[in-house]
Amino acid sequence: MPWQKKPFSQHVRKLQASITPGTILIILPGRYRGKRVVFLKQLSSGLLLKFVITISTKIDISSVKIPIHFTDAYFKKKKLPKPKHQEGEIFDTEKEKYEITEQRKFNQKAVDLQILPKIKVVPQLQGYLHSVFSHK
Amino acid sequence: MVFGCFVEVGRVPSISLGPHPGKLVGIVYAIAQNRAWADGPCSLVRRQVMPFKSMELTDFILNFPHGTGQRYVRQDWQKAEINTKWAATRWALQTETRDRKAEMTDFDHYKVRKAKKMRNRIIKLDVRKLQKAALLECAAAAAAAEFPAKTMAAADKKATAPKAAGQHAAPPKTQEGQNTPAQKAPAPKASGKKA
């Protein structure tokens, strides 16, 4: 039956027609709330794009190549193994801290280098993206 | 209160309601107590019946007899250059800026904020300069009052010098205000709206 319930991974991800690659968005929830960002592409999980304000300003990023391996799995938070208590020790041993991998840094730079010149072309856009959105 | 604008044949009202808000038409004939036959050949409004209630009278009157054909309404309109005169009125400018403001994006708001900030800084600096100059003047005048005859000449020189400098640095109040959203609106947007 076509309307049988599908698991989340098979749900159809819809996207607002106004959000296309290069659109500027304002992120509303989470650590980056109020930040203005450039939309690159929609991932298969459709995460987050409901909680976003779309600005009608767009940048032309048609020539920007986004690494193919930017998928949900790539961006998923890594669960760090909790240190096991050794005998006799009551307090936690040093926790493993989250380290930014070299691969991430490399990819970030690769994408930034492509996008920054596109942003600089539009006057005042860089300052705008730097600023934070608020309802005051 | 004496009324100066009347509903009459040839009056050019602006339409406020219906499918053609903001456009100008010419009243061709008053059909009934509350309706008129109106035509806007130069403002892309077809000849049609329109209620007076949807009209806001402007100061423009065209001179044609009642029931004239569209061709003559157009001729009169173009001769009177209604479109250019209308665009120059405050009314039209205000509606235009109001529409532009309504269509401002978040990016435009940001640009306006920055422009206002810059303008206010310029004004503040110049106000401070004038204040300084005024203070110097006062000080010089006070000095002159205390030591009349001798230092009068010297004080005069001092007073005139900073005063001249203060006047010179009068605030170049950039006439942004209403036009700021217009100026700062991105080019494609502006052209899209004008069309």
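Source: prediction; values computed, not measured.

1. Describing the overall build of chain A
Item 1. A tally of helices and strands in chain A yields 3 helices and 3 strands.
Item 2. In sequence order, chain A lays out its α and β elements as β-β-β-α-α-α.
Item 3. Pairs at least 24 residues apart make up 69% of the contacts formed inside chain A by residues separated by at least 6 positions.
Item 4. Accessible surface for chain A amounts to roughly 11,200 Å². Of this, 61% is attributable to carbon and sulfur atoms.

2. Things to note about the nonpolar core
If you look at soluble globular proteins, the nonpolar side chains tend to sit buried side by side.
Item 1. Ranked by internal contacts, the top residues of the largest apolar core, which has 18 residues, are Ile24, Ile59, Ile119, Leu125, Tyr128 and Leu129 of chain A.
Item 2. Elements represented by at least two residues in this core include exactly strand 1 (23–27), helix 2 (102–121) and helix 3 (125–130) of chain A together with helix 4 (106–146) of chain B.
Item 3. Core analysis: the second largest hydrophobic core is formed by 11 residues, Val12, Phe64, Ile82 and Ala92 of chain B among them.

3. Points about the sheet that holds strand 2 (residues 26–30) of chain B
All names here are of chain B.
Item 1. Taken together, the 3 strands give an open sheet; going across it, the order is 2-3-4, and neighbouring strands pair in antiparallel fashion. The sheet is open, and its two borders are formed by strand 2 and strand 4 (45–51), each paired with just one other strand. Direction aside, neighbouring strands of the sheet carry axes that sit 25° apart on average.
Item 2. Here 5 bridges tie strand 3 (residues 35–40) to strand 4, and the two strands are oriented antiparallel to one another. Residue pairing for strand 4: arginine 35 is matched across the bridge by proline 51.
Item 3. Most of the contacts of helix 1 (residues 70–80) go to strand 3, to which it runs at about 65°, and overall it touches strand 2, strand 3 and strand 4.

4. Digging into the layout of surface pockets
All names here are of chain A.
Item 1. Reported here for the largest pocket is a volume of approximately 2,300 Å³.
Item 2. Forming the walls of the largest pocket are 43 residues, and the residues nearest its centre are Ile27, Tyr32, Val37, Phe75 and Gln108.
Item 3. In terms of residues, the lining of the largest pocket owes the most to one element, helix 2, which gives 9 residues.
Item 4. In the lining of the largest pocket, the residues fall into 25 nonpolar, 7 polar and 11 charged.

5. Section: the side chain of arginine 11 of chain B
All names here are of chain B.
Item 1. In this structure, arginine 11 sits in strand 1 (residues 11–15).
Item 2. Only 2.9 Å separates the side chain of arginine 11 from the backbone oxygen of phenylalanine 6, close enough to count as a polar contact.
Item 3. Here arginine 11 is in contact with Gly4, Cys5, Phe6, Val25, Gly26, Ile27, Leu57, Thr58, Asp59, Phe60 and Ile61, once residues within four sequence places are set aside.

6. Let's talk about the interface of chain A and chain B
Item 1. Residue-level contacts link 13 residues of chain A with 6 residues of chain B.
Item 2. Together chain A and chain B conceal approximately 780 Å² of surface at their shared face, both sides included; 58% is due to carbon and sulfur atoms.
Item 3. At the junction of chain A with chain B, the criterion picks out 1 salt bridge.
Item 4. Residue aspartate 106 of chain B pairs with arginine 36 of chain A through a salt bridge whose shortest N-O separation is 2.8 Å.
Item 5. Remark: the boundary between chain A and chain B carries 5 residue pairs in polar contact (both at pLDDT 80 or more).
Item 6. Looking at the side of chain A that touches chain B residue by residue, the classes come out as 7 nonpolar, 5 polar and 1 charged.

7. Quick word on the packing of aromatic side chains
Item 1. Inspection of every chain in the model, using the stated rule, returns 3 aromatic pairs over all chains.
Item 2. Between tyrosine 128 of chain A and phenylalanine 107 of chain B, the ring centres sit 4.7 Å apart and the planes meet at 35°, which makes this aromatic pair tilted. Pair noted here: tyrosine 128 of chain A is in helix 3 and phenylalanine 107 of chain B is in helix 4, and the two residues belong to different chains.
Item 3. Taking relative accessible area as the criterion, phenylalanine 107 of chain B reaches 3% and is therefore assigned buried.
Item 4. Taking the centre distance of 5.4 Å and the plane angle of 55° together, the rings of tyrosine 128 of chain A and tyrosine 110 of chain B count as tilted. Separated into two different chains, tyrosine 128 of chain A in helix 3 and tyrosine 110 of chain B in helix 4 make up a pair that spans both.

8. Comments concerning a nonpolar patch on the surface
Residue and element names in this part refer to chain B.
Item 1. A cluster of nonpolar side chains, Tyr29, Ile31, Trp37 and Val49, forms an exposed patch at the surface whose accessible area comes to about 350 Å².
Item 2. By the element assignment, tryptophan 37 lies in strand 3.
Item 3. A residue is classified by how much of its surface remains accessible, and tryptophan 37, at 31% relative accessible area, is partly exposed.

9. Quick word on the sheet that holds strand 1 of chain A
Residue and element names in this part refer to chain A.
Item 1. Read from one edge of the open sheet, 3 strands run 2-1-3, paired in antiparallel fashion. Either end of the sheet is taken by a strand with one partner, and the two such strands are strand 2 (36–38) and strand 3 (52–58). Strand-to-strand twist of the sheet, defined as the mean angle between neighbouring strand axes without regard to direction, takes the value 30°.
Item 2. Sheet topology note: the strand 1/strand 2 ladder contains 3 bridges and is antiparallel. Counted as the bridge partner of isoleucine 24 is valine 38 from strand 2.

The rules behind the values
- Residues numbered from 1 in each chain as written.
- Chains lettered and ligands numbered in written order.
- Predicted model: local features only at pLDDT ≥ 70, side-chain atom pairs only at ≥ 80, totals over all residues.
- Heavy atoms only, no water.
- Helix = DSSP H or I, 4+ residues; strand = E, 2+ residues; numbered from the N terminus.
- Contact = heavy atoms within 4.5 Å.
- Areas by Shrake-Rupley, 256 points an atom, 1.4 Å probe, with all protein chains shown as cover.
- Core = buried A, V, L, I, M, F, W, Y, C linked by side-chain atoms within 4.5 Å.
- Buried < 20%, exposed > 50% of the residue type's maximum accessible area, 1.4 Å probe, protein only.
- Pairing = 2+ DSSP bridges.
- Axes fitted to C-alpha atoms, helices over the stretch in contact; angles between N-to-C directions.
- 1 Å grid on protein atoms, 1.4 Å probe; cavity = no way out; pocket = protein on both sides within 12 Å on 5 of 7 lines; lining within 4 Å.
- Points joined across faces, edges and corners; volume = space filled by probe spheres on them.
- Nonpolar A, V, L, I, M, F, W, Y, C, P; charged D, E, K, R; others polar.
- Polar contact = N/O pair within 3.5 Å; in protein donor to acceptor, adjacent residues only side chain to side chain.
- Buried area = accessible area lost by both parts, 1.4 Å probe.
- Salt bridge = Lys/Arg side-chain N within 4 Å of Asp/Glu carboxyl O.
- Phe/Tyr/Trp six-rings, centres within 6.5 Å; stacked < 30°, edge-to-face > 60°.
- Patch = residues over 30% accessible without salt bridge, like charges linked within 9 Å, V, L, I, M, F, W, Y side chains within 5 Å.

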